[in-house]
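Tertiary structure, described
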Amino acid sequence: MANNEGKGQTALVTGASMGIGVDLAECFARDGYDLILTARSEEALKQVAARLSGAYGIKATPIPADIGVPGGGEKLAAEIEARGLAVDALVNNAGYGIAGAFEGSDRATQLGMIDLNDRALAELTHIYWARMLANKRGGVLNVASTASFQPGPLMAIYYASKAFVLSFSEALWKEAEGTGVRVSCLCPGPTASNFRERAGTGKTRLARTGTPMSSAEVAKMGYEGWQQNRRVVITGARNALVARLVPFLPRQTVLSLVHNLQSPA
Ligand SMILES: NC(=O)c1ccc[n+]([C@@H]2O[C@H](COP(=O)([O-])OP(=O)(O)OC[C@H]3O[C@@H](n4cnc5c(N)ncnc54)[C@H](OP(=O)(O)O)[C@@H]3O)[C@@H](O)[C@H]2O)c1
């Protein structure tokens, strides 16, 4: 049910041109948050901004930016400030994965994953964190993955990058305890979006194990979890069960299982 909790506040959503980011932005808009939408695709951002401002009567500002380059977060923040906007809630959603063996992979693409999934996320959080604490409201919703809970042979950097997001988010959740600032880490399992196409995970055994959840469903769970300041939100009962079981399994078994799931079907 929509409420007006976001009235007078602004949410910055990264990766808001498509996929889960668009649906997360819509959840915030529905509750009255103004939006700053960012990603590289300017036209798509403009369309999302026009649709959401029209549907929910909020202000939505599209700002195209590549935050995956060093300094990208600072540059975006400078642009936000120059437009006289402030950020109360930060949704670090932009990210990508690449499937396949580490050997023979493209180094720039591998390192780019760390730059976007981790460095930019930490950079933007660092920029807006002090203001959130001072205002005793708002917070951070980080998008990690079920990949966060174990190492991922044949998708090694992606899994490691998402483990960083989970660890960082949980630590900040604790640092913010009792302040009024919310921190949640959304951990989706396979979700219908462009992610799979870019990651090249469509031909893996994992891709054959079930039907992906819709991005709208995933975003709703993430947003509602954040509203309740839930530390970790895992989408889907099976995903949640697996994530809880993993620490009790021998690591060799976990590695073999994931290696198998990430292998071509
Ligand atoms: N789909 C899944 O199965 C799944 C599962 C678990 C976790 N996740 C996570 O969910 C998040 C959202 O993914 P999605 O499924 O919605 O994928 P998606 O449809 O590919 O969307 C990714 C978003 O990130 C943006 N982006 C990519 N590179 C960027 C860059 N350098 N600078 C700024 N923005 C950039 C993209 O926009 P532009 O291309 O316009 O820049 C797009 O808006 C990611 O962090 C992903 O790791 C996804």
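Residues numbered from 1 in each chain as written. Predicted model: local features only at pLDDT ≥ 70, side-chain atom pairs only at ≥ 80, totals over all residues. Heavy atoms only, no water.

Attention shifts here to empty space enclosed by the protein. Under the criterion given, the structure shown has 2 cavities of 30 Å³ or more. Approximately 60 Å³ is the volume found for the largest cavity. No other element matches helix H4 (residues 107-135), which puts 4 residues into the lining of the largest cavity. In terms of residue class, the lining of the largest cavity is made up of 6 nonpolar, 4 polar and 1 charged. Considered as a void within the structure, the second largest cavity measures approximately 40 Å³ in volume. (1 Å grid on protein atoms, 1.4 Å probe; cavity = no way out; pocket = protein on both sides within 12 Å on 5 of 7 lines; lining within 4 Å. Points joined across faces, edges and corners; volume = space filled by probe spheres on them. Helix = DSSP H or I, 4+ residues; strand = E, 2+ residues; numbered from the N terminus. Nonpolar A, V, L, I, M, F, W, Y, C, P; charged D, E, K, R; others polar.)

A separate point is a nonpolar patch on the surface. Among the surface-exposed residues, Leu241, Leu245, Leu249 and Leu257 lie close enough to one another that they form a single nonpolar patch of about 360 Å² accessible area. As for its placement among the helices and strands, leucine 245 is situated in helix H8 (residues 237-245). (Patch = residues over 30% accessible without salt bridge, like charges linked within 9 Å, V, L, I, M, F, W, Y side chains within 5 Å. Areas by Shrake-Rupley, 256 points an atom, 1.4 Å probe, with all protein chains shown as cover. Salt bridge = Lys/Arg side-chain N within 4 Å of Asp/Glu carboxyl O.)

This part covers the site of the ligand. Close contacts around the ligand come from 30 residues, with Arg40, Ser41, Asp66, Tyr158 and Ser193 the closest. Interatomic distance of 3.3 Å between a backbone N/O atom of asparagine 194 and an oxygen atom of the ligand. Relative to its free-state accessible area of 880 Å², the ligand is covered by the protein chains to the extent of 94%. Those elements that place two or more of their residues in the shell around the ligand are helix H5 (156-175) and helix H6 (195-199). The residue makeup of the shell around the ligand, split by class, is 14 nonpolar, 12 polar and 4 charged. (Near = heavy atom within 4 Å. Polar contact = N/O pair within 3.5 Å; in protein donor to acceptor, adjacent residues only side chain to side chain.)

For H4, with 29 residues, the first-to-last C-alpha span of 41 Å sits near the 42 Å given by 1.5 Å per residue. Along H4, the helix axis deviates most sharply at tyrosine 128, where the bend reaches about 40 degrees. Just past H4, the residue lysine 136 takes up positive phi, approximately 55 degrees. (Expected span 1.5 Å × (residues − 1). Bend = angle between axes of the 7 residues up to and from the residue.)

Turning our eyes to something else, we now look at the packing of helix H1 (residues 20-30) against helix H2 (residues 42-56). Running from N to C, H1 and H2 point in directions that differ by 25 degrees, and their axes come no closer than 10 Å. Our classification of the angle between H1 and H2 gives roughly parallel. The hand of the H1/H2 crossing is right-handed. Here Val22, Ala25, Glu26, Ala29 and Arg30 of H1 lie close against H2, whose contacting residues are Val48, Arg51, Leu52 and Tyr56. Looking at the contact of H1 with H2 residue by residue, the classes come out as 6 nonpolar, no polar and 3 charged. (Axes fitted to C-alpha atoms, helices over the stretch in contact; angles between N-to-C directions. Parallel < 35°, antiparallel > 145°, perpendicular 65-115°, else oblique. Left-handed = near helix turned anticlockwise from the far one by under 90°. Contact = heavy atoms within 4.5 Å.)

Turning our attention to the side chain of serine 161. Within the secondary structure, serine 161 sits in helix H5. Given a relative accessible area of 1%, serine 161 falls into the buried group. Apart from residues lying up to four places away in sequence, serine 161 is in contact with Asn117 and Asp118. (Buried < 20%, exposed > 50% of the residue type's maximum accessible area, 1.4 Å probe, protein only.)

That's the geometry; what it means functionally is another story.
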